[in-house]
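Each chain, written out:
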Amino acid sequence: MAATEPTPAVSRFLSAHSLAISLHPVKGRSLTTTRPLPRGTRVVATNALATVAVDPATPCCHWCLRRADGSFKQLRCTACRKATYCSVACQKKDWAAGHKVVCPVWKARSTGSGTTGDEESDDAVHDEEMLSKVAFALSRPTPLADLDGQVGRDLFLSLTSHSTDWDTDTQSAFSHIASRVLHFKFPNAAQPPTHTELTHHLGRFRCNNYSIHDPELFVLAEGTFPLGGLLNHSCHPNCLVAYEGRSQILRTIRDVEAGEELNVTYVDAMEDREGRRKSLWSKYRFWCRCERCGEGGGDGDDGDVLAERVGQVVSLNRDVSGYAF
């Protein structure tokens, strides 16, 4: 996380939700609460800056992320034939939010006129779509009345890209994806993004994005949630994130004191210590030193306790749609 002062829009938003940004000597920025939070508290809900449907095995509306379970007829974009929706209203919203940027490219590629001669992995294709949508969201003027939009933009741009931490292969992949997106057309953009900006955006959302789950915990999409990017990791967290469509909900899974940092786990907290630490370094570029991973720490029964807490919160809060902890 970059240690920058919050913008006025971010400060107003945090204050309204009894939250604050604090500086940690090791972690950098951290998100803290300014009031006591009982277990099960719905702390804050924020909308995604951009989302990308990722699994054809669990098809969903590309805007509201409603799972295609047979309860509605899927509408397919007539141009690219790739994006699907649950309604015309969702299709229009997705078009305005960034599908208009990727649709012409997908259409050209489907006819062979936009091919580049090399096959891209699914991850690269998803990163390309997310990058184009994030870049489009950042390129548009944000109305002063749109506080959520300002907060999302400001927080995303304040996140660290870890540009010097990625290995050579990853940096090369970022550069390749950025070069492809650089040729996309961004309607109404005050200034098209540069290659450097695009590679930094990739780094920001690569280590801050969240998987969006349905109630059965099937992954539907990836989402860029800038406020969620402020949440540091702990293998013994005090919060979890849940999803309602394109919104990320932060909830406490134990009582939290005023001034305490809010944290979630970035990986499967039931893994052993070595597995968790390797996973965290591979994607997030840090070695965990939390109470379960630090020198002298031990997993013990912490995983079982954590699972019990999550189960209690889910049973107390029946409106939780899909959660991760």
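Residues numbered from 1 in each chain as written. Predicted model: local features only at pLDDT ≥ 70, side-chain atom pairs only at ≥ 80, totals over all residues. Heavy atoms only, no water.

A. Spatial organisation of the overall build of the protein. Secondary structure summary: the protein contains eight helices and 13 strands in total. For the protein, buried positions account for 47% of its 325 residues. Split by element, the accessible area of the protein, about 15,500 Å² in all, is 51% carbon and sulfur. (Helix = DSSP H or I, 4+ residues; strand = E, 2+ residues; numbered from the N terminus. Buried < 20%, exposed > 50% of the residue type's maximum accessible area, 1.4 Å probe, protein only. Areas by Shrake-Rupley, 256 points an atom, 1.4 Å probe, with all protein chains shown as cover.)

B. Representation of the sheet that holds strand β4 (residues 50-53). Across the sheet, which stays open at both edges, the three strands sit in the order β4-β8-β7 with antiparallel pairing between neighbours. At either margin of the open sheet sits one strand with a lone partner, and together these are β4 and β7 (210-213). The sheet shows a mean angle of 35 degrees between the axes of neighbouring strands, taken without regard to direction. Relative to strand β8 (residues 219-224), β4 runs antiparallel, the two being bridged by four bridges. Counted as the bridge partner of Ala-50 is Thr-224 from β8. (Pairing = 2+ DSSP bridges. Axes fitted to C-alpha atoms, helices over the stretch in contact; angles between N-to-C directions.)

C. How the structure looks around the environment of Ala-97. Residue placement: Ala-97 occurs in helix α2 (residues 88-111). For the pair Ala-97 and Arg-140, spaced 43 residues apart in sequence, the C-alpha separation works out to 10.0 Å. What Ala-97 contacts, discounting residues up to four positions off in sequence, is Trp-63, Lys-133, Phe-136 and Arg-140. (Contact = heavy atoms within 4.5 Å.)

D. A look at the pattern of salt bridges. Counted according to the given criterion, the structure contains ten salt bridges. Between Asp-127 and Arg-206 there is a salt bridge, and its shortest N-O distance comes to 2.4 Å. Here the residue Asp-127 occupies a position in helix α3 (residues 122-139), and Arg-206 occupies one in helix α6 (residues 195-206), the gap between them amounting to 79 residues. Given the relative accessible area of 12%, Asp-127 is considered buried. A salt bridge links Arg-180 to Glu-128; the shortest N-O distance between them is 2.7 Å. Within this pair, whereas Arg-180 is found in helix α5 (residues 168-181), its partner Glu-128 is found in helix α3, the two being separated by 52 residues in sequence. (Salt bridge = Lys/Arg side-chain N within 4 Å of Asp/Glu carboxyl O.)

E. Inspection of the packing of α3 against helix α4 (residues 147-158) at higher detail. Taken N-terminus to C-terminus, the directions of α3 and α4 make an angle of 120 degrees; their axes are 10 Å apart at the nearest point. As far as their axial angle goes, α4 and α3 are oblique. The crossing of α3 and α4 is left-handed. Taking contact as the criterion, the partners of Val-134, Ala-137, Leu-138 and Ser-139 in α3 are, on α4, Arg-153, Phe-156 and Leu-157. Residues belonging to the contact of α3 with α4 are distributed by class as follows: five nonpolar, one polar and one charged. (Parallel < 35°, antiparallel > 145°, perpendicular 65-115°, else oblique. Left-handed = near helix turned anticlockwise from the far one by under 90°. Nonpolar A, V, L, I, M, F, W, Y, C, P; charged D, E, K, R; others polar.)

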